[in-house]
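So you can see what is in the structure, the chains are spelled out below.
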Amino acid sequence: MASENKIQEYMDSLEQEKIMIETHFANMERILSDNPKLDQQKAFALLSNYNTLSIQYDQLCNDLITFIKIFKGKDEQEIRLYKTEELVELLEEKVSQI
């Protein structure tokens, strides 16, 4: 039973990290939407931050899926992913304006 609790605790921590990155994505979207005239430095900072978080998010989701597959079984391998298409479009639009 203690082992099952540790597994659940680890999965919960992965899910919390996933939610934290998704929150950063949502905040970036809000910044880009609410500030039509970002200067170059701020736009590139957001783009750089997005690239870093995107890599972390992809790896984290992959790890979470693998972990669920191994420890919880094949029936429970579905997780919700944040849709970043709008964020990418906003970033591309801002960078192209510069």
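Anyway, here's the lowdown on the structure attached to this text. Residue positions are counted from 1 within each chain, in the order its sequence is given. Reporting of local features is limited, given that this is a predicted model, to residues whose pLDDT is at least 70; pairs of side-chain atoms are given and counted only at 80 or more, and all residues count toward the totals for whole chains, interfaces and linings. To obtain the side-chain values, all non-hydrogen atoms of the structure were used and water was disregarded.

Each helix is a run of DSSP H or I of at least 4 residues and each strand a run of E of at least 2, with the numbering of both proceeding from the N terminus. Within the protein chain one finds three helices and zero strands. Listing the helices and strands of the protein chain from first to last along the sequence gives α-α-α. Throughout, the radius of gyration refers to the C-alpha atoms, and the reference size of a globule is 2.2 Å times the residue count to the power 0.38. Against the globule reference of 13 Å for 98 residues, the protein chain gives a C-alpha radius of gyration of 17 Å, more extended than a compact globule. C-alpha atoms of the protein chain, sized along the principal axes, occupy 55 × 20 × 20 Å. Three exposure classes are used, based on accessible area relative to the maximum for each residue type with a 1.4 Å probe and protein chains only: buried under 20%, partly exposed in between, and exposed over 50%. Per-residue burial for the protein chain yields a buried fraction of 30% across its 98 residues.

Here we come to the packing of helix 1 (residues 2–34) against helix 3 (residues 85–97). Packed helix pairs are specified by the crossing angle of their axes together with the interaxial distance, meaning the distance between the axes. Between helix 1 and helix 3, whose axes approach to 10 Å, the crossing angle comes to 40 degrees. Considered as vectors, helix 1 and helix 3 are oriented oblique to each other. As for the relative orientation of helix 1 and helix 3, their crossing is left-handed in sense. For the pair helix 1 and helix 3, the contacting residues are Phe-25, Met-28, Glu-29, Leu-32 and Ser-33 in the first and Glu-86, Leu-87, Leu-90, Leu-91 and Lys-94 in the second. Only the stretch in contact is used when a helix axis is fitted, and all axes are lines through C-alpha atoms; the angle between N-to-C directions ranges over 0 to 180 degrees. Any angle that falls under 35 degrees is termed roughly parallel, while one over 145 is termed roughly antiparallel, one within 65 to 115 roughly perpendicular, and all others oblique. With the far helix as reference, a near helix turned anticlockwise by less than a right angle produces a left-handed crossing, and one turned clockwise produces a right-handed crossing. Any two residues having at least one pair of non-hydrogen atoms within 4.5 Å are treated as being in contact.

Each residue after the first adds 1.5 Å to the expected span of a helix. Between its terminal C-alpha atoms helix 1 stretches 47 Å, which fits the 48 Å expected from 33 residues at 1.5 Å a residue. Of the positions making up helix 1, those classed as buried are Ile-7, Met-11, Leu-14, Lys-18, Ile-21, Glu-22, Phe-25, Met-28, Glu-29 and Leu-32. On its buried face, helix 1 sits against helix 2 (40–71) and helix 3.

Attention shifts here to the nonpolar core. By convention a nonpolar core is built from buried Ala, Val, Leu, Ile, Met, Phe, Trp, Tyr and Cys residues, the set being connected through side-chain atoms within 4.5 Å. Ranked by internal contacts, the top residues of the largest apolar core, which has 22 residues, are Phe-25, Met-28, Leu-32 and Leu-87. Of all the secondary-structure elements, those providing two or more residues to this core are helix 1, helix 2 and helix 3. Counting residues per element, this core draws most heavily on helix 2, at nine residues. Excluding anything up to four places from it in sequence, Met-28 contacts Leu-46, Asn-49, Tyr-50, Leu-53 and Leu-87.

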